[in-house]
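# Tertiary structure, described
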Amino acid sequence: MSITAKLIQGITTMSEMKIRYKDGKEIKSYTIEPHLLGKFKSTGNIVLSAHDVTDRVNASWKSFIVQNILSADATCKCFDNPAPNYNPQDKRMETIIASITTEIEE
């Protein structure tokens, strides 16, 4: 399965994921909650918008260029709700490929 397919699956199932990411010359590991995958207007890059929960106390939003993601694997954890300040209509995106829904099912 391609990295993009894994990210889409992580978004649709709201699964926490571990990724390895090439940041310049460094390779970093992150634990993320993937929320949205889209094409950035400004660069044309396919970008993942995710809540970085590597350090759960200081969790924050990050954008990852998909072509720099070396590996992506789901953990055994899922998240029930979008992270604070999640925007499913991110205006930085030209096209949204996949996003979690903000509707709460009853």
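The structure contained in this document is the topic of the report that follows. (Residues numbered from 1 in each chain as written. Predicted model: local features only at pLDDT ≥ 70, side-chain atom pairs only at ≥ 80, totals over all residues. Heavy atoms only, no water.)

### Describing the side chain of aspartate 90
Structurally, aspartate 90 is set in the loop between β5 (69–78) and β6 (93–99). With residues up to four places along the chain from it excluded, the contact list for aspartate 90 reads Leu36 and Ile96. (Helix = DSSP H or I, 4+ residues; strand = E, 2+ residues; numbered from the N terminus. Contact = heavy atoms within 4.5 Å.)

### Quick notes on unusual backbone geometry
Positive phi values are uncommon outside glycine, yet methionine 14 reaches one of about 50°. Structurally, the position occupied by methionine 14 is in the loop between α1 (3–13) and β1 (15–23).

### Section: the pairing of strand β2 (residues 26–40)
Here β1 pairs with β2 via 7 bridges, running antiparallel. Bridged to tyrosine 21 within β2 is lysine 28. The hairpin turn running from β1 into β2, its antiparallel successor, is 2 residues long, and glycine 24 in that turn takes a positive phi close to 70°. Taking the residues between adjacent antiparallel strands as the criterion, β2 and strand β3 (residues 46–52) are bridged by 5 residues, where glycine 44 takes a positive phi near 80°. Pairing geometry for β2 and β6, over 5 bridges, is antiparallel. (Pairing = 2+ DSSP bridges.)

### Side note on the nonpolar core
One finds Leu7, Ile19, Ile32, Leu37, Leu48, Phe64 and Ile69 to be the most contacted residues of the largest nonpolar core, which totals 23 residues. Mapped by element, the contributors of at least two residues to this core are α1, β1, β2, β3, β5 and β6. Ranked by the residues each element gives to this core, the list is headed by β2, at 5 residues. Sequence-distant contacts of isoleucine 69, defined by excluding residues within four places in its chain, comprise Ile3, Leu7, Ile19, Arg20, Tyr21, Leu48 and Phe64. (Core = buried A, V, L, I, M, F, W, Y, C linked by side-chain atoms within 4.5 Å. Buried < 20%, exposed > 50% of the residue type's maximum accessible area, 1.4 Å probe, protein only.)

### A few points about the pattern of salt bridges
Tallied over the full model, the rule gives 5 salt bridges. Residues lysine 28 and aspartate 23 are paired through a salt bridge, measuring 3.1 Å at the closest nitrogen-oxygen approach. Exposure remark for aspartate 23: the relative accessible area of 34% places this residue in the partly exposed category. (Salt bridge = Lys/Arg side-chain N within 4 Å of Asp/Glu carboxyl O.)

### Things to note about the pairing of β1
Here β1 runs beside β5; their pairing, made up of 6 bridges, is antiparallel. Within β5, the residue paired with arginine 20 across the bridge is serine 71.

### Examining the packing of aromatic side chains
Throughout the structure, instances matching the rule amount to 3 aromatic pairs. For the ring pair tyrosine 21 and phenylalanine 64, a centre distance of 5.1 Å and an interplane angle of 75° mean the geometry is edge-to-face. Within this pair, whereas tyrosine 21 is found in strand β1, its partner phenylalanine 64 is found in strand β4 (residues 60–65), the two being separated by 43 residues in sequence. Classification of tyrosine 21 by relative accessible area gives buried; the value is 8%. Each ring, one from tyrosine 30 and one from phenylalanine 64, has its centre 5.0 Å from the other, and the planes form 65°; the classification is edge-to-face. You can see tyrosine 30 sitting in strand β2 and its partner phenylalanine 64 sitting in strand β4, a full 34 residues away along the chain. These aromatic residues form a ring-pair network of at least three members: Tyr21, Tyr30 and Phe64. (Phe/Tyr/Trp six-rings, centres within 6.5 Å; stacked < 30°, edge-to-face > 60°.)

So yeah, pure geometry; function would need other evidence.
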